[in-house]
Amino acid sequence: ISSNDIGTKGLAAITEALRTNTTITAVHSLNNPGNGDGMKKYLKRNAVSQKQAFFSALKQTDQKAPWRNAKLMIIGNGKAGKTATVRSLLGKPFNSNWESTVGVELTRTKTKTYRTGWTEGLDRASNAEEMAARVAVTKLCNEERSENCSTEKSGNEKSKAQQSKKLKMSPRSQVEKSTFVIPDIKDALDPEPGIHQYTETLLVQAKKERKCLKFSIWDYGGQDVFYTMHHLFLTQYGVYVLVFSLVDFLNDEAKCLENLNFWLLSVQIHAPEAPVVIVGTFLDALGERTNLKLKTINNCLCSAMGSRYSQVVHNEKENLLFFPLNNKNSIGIDNVRVAIEKVTSCQEYVNRLVPIKWMHFLDAIMKDKNCNHISLELAKDIASQNGVISSDEVDEMLHMFHELGLIVHLRSTEALRKVVTINPQWLIDEITKVIRDHSIHKFDFDSEIVERELDTDVNNLITHGLATKDLLDYLWPKNHVDYLLDLMRETLLISDWSFGKESKNLYLVPSLKNRPQGQTHGDCDRGSLKGNKCIIDFSVSLLPVGIFQRLVALLVAYSGRLDGAQEPTLGYRDCRIWLGRESCLRLLECKEKIIMVVEDEKILPNALSVLLSMLRKLNEGTLKARLKWKLFLEVDGKCLPYEEAKANVLKPWFEREEKYDPEVDLTRKNPKVDLNGFFEFLKANRAIP
C-alpha cells in the first residue's frame, strides 16, 4: 500500500480492519509513527493462528479438504500428434524430431487458473503439508466470515454516523519512505518434528490455488501392439483427450471415423462416465479455406456419431464437436486448456473431501525413490502408522490413488491385489521392454546381447512372440523378474509356453503376433471353415483389442497343463490349440466376432464350457463385466441363438445327461480367483480327454 496516498488516518483505518482479518500476515506500508505497533499486533496474531492451524491440521489427520487431482489420458492412433499436444498444454515448444511414445509417458502438472498456462512438476511441499495448508486456510476463512457476521450489527450504527464525514487523508509528503511491516514469530511455535520448516508461503499458495487442478498426464502410445496394455491403465477418474489428424480425416474419412469410433467405444467400456475432449491436430496443414474444411469435418463427425457419445465435450466457442489445434505455434491450445479445466472441475472425485492421513500415507510410500512396488501387507502397515486403520478404508484409499494414476493397484485377482506398484512409469517401462512395436522401437543389439548369445532370443521374440527366461533376465532388473512375470501372467500379457523340452524357459507374448503384410482385419468366410462353429458376436458393443489375444493366452496356458497336448499353431488372428492328445479347437477373430471351430463332436460340450468360462473370466477381470456379446451355435448348418440351442438340448452342443452346465463356473462364484485356481478348476471339471 506504499504507493497510495492514504496518510495517517488511512493507516489507522487499515489497522482497525486488520482486527477482524485472519489471513494477512504482512503489510507493505508507510513508516508512520504510532501505526507499526498496532498493526504488528494483529499481523502477529494472524501469523501465529495460521501456524497453529497448519500444525493442528497435520496432527488432526481426520480433517479433510478437496484434493483437486485428476488423471488426463491422451489417446489416439499413432502419429496423430498426441505428444505434441501434451507439450503444447505444458507450454513447451514444438519438436518435429520427437520420437513416438513407447507404451505410456507420464507427466505431473498443475494448472494455474489464476494466470495463463500450466506448469510441469510437483511442489516442494509434501502432499500432507499441502493438504494441511488447504484445511488451515478453509478454517481461517470460515472464522473470518463468522467474525465479520457477528460484528456486522454493531458496526452498522457506527457506519451510519460516519457516512456524513469524509476521511481526510494526509498528503504523501507528510510521511516518510515505505517499509515492510511483518511480525516476529520466530519463537511463536516450535517446528514440528519430521515436517519441513513451516513458511507462510504454504498458506498463501494454498489460498491462491484453491481452484487450481493437478493432473497426472498419461500419454498413451498409439501403435496397435500397446492396446493390449491399455486395460491396465485406462481408468474412470479422469478426462480423456482423443487426438486425431485433421489431414488424415480429409484424406481417408472412413478410416479416421473407424479409429475415432474404436477409441470412443473403448472409453465407454473402461470409463463410461468420463468426459472426452476430441482434438484435431495439424490445423496448420489444412491450407486454404480452413474454416470450410473444419465445418465439413464437423458435419461428418456429427452425422457419424449422432447422440451415441454423450461423454464428448463440445467446443462451444467455435460451435464444433472437436477442438482444432496447431501444435507448431499453439494456436487453439488455450481453448483446449479451458475446456479440460472446466469439465474436470465439475467431476465429483475432484471436489471430494480427502483426509490428511491419506496424504501422509502417500508421502510415506513415495519417500523411497528407489522402491517401485510394495506388498499389500506393507501398505497396510504404513497406512496404520498414519492413522488409516480399517481394511475397507485402505482399499478405498488405494482405489482412489490407482484411479488417479498415482499408483497401480490391480484388483481383478487375489494375486494382483497383493502388490501395490508405487511407480507406474517404472512398471510401464519394464513391460514395454517386451511389448513394443519392433518395427518402430527397435532393440539395441549391443555387445552384451551378442556376448550372452541372446540375439537369437530377440529375433524369436520379434518373429514368433516367444520370450526366453534368459532374455527376460537380461531385460529386467534381477530382483524384479519374478514380480513382473507374475503380474504379466495374471494380466494375461504373457502365458507359459509348456510345450517341448525347453518349455520351462519360454513364454508366449500373444500381442506380438503381427498382422501379415497385406492382410486386412475383415470378416471371415464362415462357410469355408470345416467343423462345428460357435460364434461370439460383439457388434452390440465392441470387441476391444487384446481380448482375442488374452483368450489365446488362457487357452495356451490351459493346454500346457493337459497331458499329451500338442504345441499350438498360432497365427495373427487364427490359432489351433489342443485340449488333450487329439482334441483340437480352432479360434479365429473376424472383425467384431470370435469364432471357435471344433471338428470332434465328442468334445463340443466341454469345449464350449471351457471357452465360456475363459470369456467370463476375461470380462470380470479385465473389463469389469462391461463387455457385451451375443452367442450363436451352428446346428445342422443353421446358426441358432445359444439360448434356443440350450433350451432344446440340441446336439452336438448339449446332452440330456450333461454333467456340467456351461452357465455354472468358478468365475461366477469367485470372480477374483487367480489363474492357478482357475486352471485347476477347469482341469478337474472340464477336462477333455
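Coordinates for the structure precede this section.
Remember, predicted model here, so these are calculated numbers, not experimental data.

Draft legend 1. Looking closely at empty space enclosed by the protein. Across all of its chains, the model carries 4 cavities of 30 Å³ or more by this definition. Empty space within the largest cavity amounts to approximately 130 Å³. In this structure, the largest cavity is lined by 16 residues; those nearest its centre are Y227, H230, H270, P544 and V545. Put simply, the parts of the chain that give the lining of the largest cavity at least two residues each are helix 6 (230-233), helix 8 (253-270) and helix 20 (547-559). Here the element with the most residues in the lining of the largest cavity is helix 8; it accounts for 4 residues.

Draft legend 2. Region of interest: the pattern of salt bridges. The final tally for this structure, using the stated rule, is 16 salt bridges. Ionic pairing is found between E396 and R352, a salt bridge with its closest N-O pair at 2.4 Å. On the criterion of sequence distance, the pair formed by E396 in helix 13 (residues 391-403) and R352 in the loop between helix 10 (333-345) and strand 11 (353-355) is long-range, its members being 44 residues apart. For R352, a relative accessible area of 24% translates into the label partly exposed.

Draft legend 3. Examining the packing of helix 3 (residues 82-89) against helix 10 more closely. For the pair helix 3 and helix 10, interaxial distance at closest approach is 10 Å and the crossing angle is 85°. It follows from the interaxial angle that helix 3 and helix 10 lie roughly perpendicular. In this structure, helix 3 contributes T85, S88 and L89 to the contact, and helix 10 contributes I333, V336, R337 and I340. Among the residues forming the contact of helix 3 with helix 10, the class breakdown is 4 nonpolar, 2 polar and 1 charged.

Draft legend 4. Broad picture of the side chain of T109. By the element assignment, T109 lies in strand 4 (residues 104-111). Looking at T109, its side chain comes within polar contact range of the main-chain oxygen of T119, at 2.5 Å.

Draft legend 5. Local environment of the packing of helix 15 (residues 424-431) against helix 19 (residues 481-490). At a closest axis distance of 11 Å, the pairing of helix 15 and helix 19 adopts a crossing angle of 80°. As the angle between them shows, helix 15 and helix 19 are arranged roughly perpendicular. In this structure, helix 15 contributes W426, L427, E430 and I431 to the contact, and helix 19 contributes Y483, L484, L487 and M488. Its residues assigned to classes, the contact of helix 15 with helix 19 shows 7 nonpolar, no polar and 1 charged.

Draft legend 6. View of the nonpolar core. Formed by 131 residues in total, the largest nonpolar core has its most connected members in F244, L301, L587 and M614. Excluding residues that lie within four positions of it along the chain, L301 makes contacts with F244, F249, L257, L260, G306, L321 and F322. In this structure, L203, I340, L376 and L398 belong to the second largest nonpolar core, which totals 69 residues.

Each value, and the rule that gives it
Residues numbered from 1 in each chain as written. Predicted model: local features only at pLDDT ≥ 70, side-chain atom pairs only at ≥ 80, totals over all residues. Heavy atoms only, no water. 1 Å grid on protein atoms, 1.4 Å probe; cavity = no way out; pocket = protein on both sides within 12 Å on 5 of 7 lines; lining within 4 Å. Points joined across faces, edges and corners; volume = space filled by probe spheres on them. Helix = DSSP H or I, 4+ residues; strand = E, 2+ residues; numbered from the N terminus. Salt bridge = Lys/Arg side-chain N within 4 Å of Asp/Glu carboxyl O. Buried < 20%, exposed > 50% of the residue type's maximum accessible area, 1.4 Å probe, protein only. Axes fitted to C-alpha atoms, helices over the stretch in contact; angles between N-to-C directions. Parallel < 35°, antiparallel > 145°, perpendicular 65-115°, else oblique. Contact = heavy atoms within 4.5 Å. Nonpolar A, V, L, I, M, F, W, Y, C, P; charged D, E, K, R; others polar. Polar contact = N/O pair within 3.5 Å; in protein donor to acceptor, adjacent residues only side chain to side chain. Core = buried A, V, L, I, M, F, W, Y, C linked by side-chain atoms within 4.5 Å.

Read these as geometric descriptors, not functional statements.
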